[in-house]
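The chain contents come next:
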Amino acid sequence: MREELDLLLADIASRTFETADQVEAFRVEFLGRKGKIKDLMAEFRNVAPELKRELGPQINKVKGAVEERLAIEQAVFKKKKSAKASGIDASRPAGGQPHGTHHPLQVVRREIVGIFKNMGFEVVEGPEIEDDWHVFSGLNFPPEHPARDMQDTFFVERNPDLLLRTHTSSVQVREMEKRKPPMRIIMPGRVFRNEAVSSRAHCIFHQIEGLYIDENVSFADLKQTLLHFAKRFFGPETKIRLRPSYFPFTEPSAEVDVYWGLETEVDKRITKGTGWLEILGCGMVDPNVLEANGIDSKKYSGFAFGMGIERITMLKYQIGDLRLFFENDKRFLNQFSGER
Ligand code: DAH
């Protein structure tokens, strides 16, 4: 009988079940009125008394093994049954890997560039490591001029003439060197400033620069172009205003605000109570800049503008902290999966 019990234990462990009916048949086979456990008990009664102490626990072990398997298998088939009832097909192959999503800055960059391309602007890029001429001197920043301090610059230690560009305006200078007017170009890229990282500032961010040079380009052209952009980007009802400002490379210079609204407490807070939000800097290219780059300022005039992609993205999607763009937290990034 000892051997028989061992064989039964091995048998119970090796059983496999395809259906709930098979599980039920297994239960009947062992625990039923004419089942194997009953037979064992009958046999046990005839066992010599000195063996009963050893075999009794063994029989209980077999019974326990049957009950354990039954509990597990019954639970498995019960789950499958309820999955089926709820319409879940557990036999369906697993879905593929989820697709990645475009970064919100990329989504906005493409949208802005697309709007200007439709107006006939051509996209160009320039180097991130620059020299003093392209970032400052060629843009009418005199040496030692305090306007250079408007932007805290990262210099290359070995060669102080080399630096990381602080704005994409440097690409304007590169293109003026290369081309002859008329030119209508849009210049997206990464820029660097030696600034402490906070919710509103970062040492690395992105800008989009625009430049249009031709005969008779006027301030009205600038305003109309930017109004068209704002309406396409923020919606057809968008209102803009231009405020006088200062940049060494434009004269006159302006900053452009869009009307945000003053209805909610949030509106009041982010617009500092004015209802308006600044989106970019712009102006008529200073004749000094044209001349410094070999363009006849008597014949040609032009306008330029520059905007921060992070800033515009924060406005469009109401994002409160710039650092989110650089952390690559999927919970943040996946919210833009619907954007093209
Ligand atoms: N370069 C300026 C900045 O980084 C932005 C800017 C202002 C660009 C006026 C322009 C412009 O082209 O005309 O703050």
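If you're wondering where the values come from, they're calculated on a predicted model, not measured in any experiment.

Caption draft 1: Region of the structure containing the overall build of the protein chain. A count of helices and strands for the protein chain gives 13 helices and 10 strands. Radius of gyration (C-alpha) of the protein chain: 38 Å, far over the 20 Å computed for a compact globule of 340 residues. For the protein chain, the C-alpha atoms occupy an extent of roughly 120 × 50 × 40 Å along the three principal directions. Taking all 340 residues of the protein chain together, the buried fraction comes to 41%. Considering only contacts in the protein chain between residues 6 or more positions apart, those separated by 24 or more positions represent 66%. Accessible surface computed for the protein chain: about 19,800 Å², of which carbon and sulfur atoms make up 51%.

Caption draft 2: The side chain of Asp 257, seen in detail. Turning to its location among the elements, Asp 257 is positioned in strand β8 (residues 250–259). A polar side-chain atom of Asp 257 sits 2.9 Å from a polar atom in the side chain of Arg 241. Sequence-distant contacts of Asp 257, that is, excluding residues within four places in its chain, are made with Lys 239, Ile 240, Arg 241, Arg 243, Trp 276, Leu 277, Glu 278 and Ile 279.

Caption draft 3: Structural detail: the nonpolar core. With 38 residues, the main nonpolar core has Ile 112, Phe 305 and Met 307 as its most contacted residues. For this core, the elements supplying multiple residues, two or more each, are α5 (104–118), β6 (204–214), α8 (219–234), β8, β9 (276–285), β10 (301–308), α11 (309–317) and α13 (330–333). In terms of residue count, α5 provides more of this core than any other element does, six residues in total. In contact with Met 307, other than residues within four places in its own chain, are Ile 112, Phe 116, His 206, Gln 207, Ile 208, Phe 229, Ile 279, Leu 280 and Ile 312. Listed in part, the 22 residues of the second largest apolar core include Phe 136, Val 171, Leu 290 and Ile 295.

Caption draft 4: Spotlight on the confidence of the model for the protein chain. Confidence in the prediction for the protein chain averages 91 pLDDT; 98% of positions are at 70 or higher. Averaged pLDDT values for the elements of the protein chain fall to 83 in helix α9 (residues 265–270) and rise to 98 in strand β1 (residues 122–123).

Caption draft 5: Region of the structure containing the domain arrangement of the protein chain. Taken domain by domain, the protein chain comprises domain 1 (2–85) and domain 2 (104–336). Of note, the centres of domain 1 and domain 2, computed from C-alpha atoms alone, are 78 Å apart.

Caption draft 6: Representation of the packing of aromatic side chains. Summed over the entire model, instances satisfying the criterion amount to 17 aromatic pairs. A ring pair is formed by Tyr 317 and Phe 336, whose centres lie 5.1 Å apart and whose planes are at 85 degrees; its orientation type is edge-to-face. Of the two residues, Tyr 317 sits in helix α11 while Phe 336 sits in the segment after α13, which places them 19 residues apart along the sequence. Taking the relative accessible area as the measure of exposure, Phe 336 reaches 5% and is therefore buried. Clustering of aromatic rings is evident, with ring pairs tying together Phe 116, Phe 121, Tyr 212, Phe 229, Phe 233, Phe 234, Phe 303 and Phe 305. Above the face of the Phe 30 ring, Lys 36 is positioned so that its terminal group lies 5.2 Å from the ring centre. Lying across the ring of Phe 44, Lys 52 places its NZ or CZ 5.7 Å from the centre.

Caption draft 7: Examining the pairing of β6 more closely. Extensive coverage of β6 is indicated by the burial of nine of its 11 residues. Relative to β6, strand β5 (residues 183–192) is paired through 10 bridges, and the arrangement is antiparallel. When the sheet's bridge partners are listed, Phe 192 is paired in β6 with Ile 204. The pairing of β6 with β10 spans eight bridges and is antiparallel. Opposite Ile 213, over in β10, you have Gly 302 as the bridge partner.

Cut-offs applied
Residues numbered from 1 in each chain as written. Predicted model: local features only at pLDDT ≥ 70, side-chain atom pairs only at ≥ 80, totals over all residues. Heavy atoms only, no water. Helix = DSSP H or I, 4+ residues; strand = E, 2+ residues; numbered from the N terminus. Rg over C-alpha atoms; globule rule 2.2 N^0.38 Å. Buried < 20%, exposed > 50% of the residue type's maximum accessible area, 1.4 Å probe, protein only. Contact = heavy atoms within 4.5 Å. Areas by Shrake-Rupley, 256 points an atom, 1.4 Å probe, with all protein chains shown as cover. Polar contact = N/O pair within 3.5 Å; in protein donor to acceptor, adjacent residues only side chain to side chain. Core = buried A, V, L, I, M, F, W, Y, C linked by side-chain atoms within 4.5 Å. pLDDT = per-residue confidence, 0-100. Domains from an automatic or database assignment. Phe/Tyr/Trp six-rings, centres within 6.5 Å; stacked < 30°, edge-to-face > 60°. Lys NZ or Arg CZ within 6 Å of the ring centre and 35° of its normal. Pairing = 2+ DSSP bridges.

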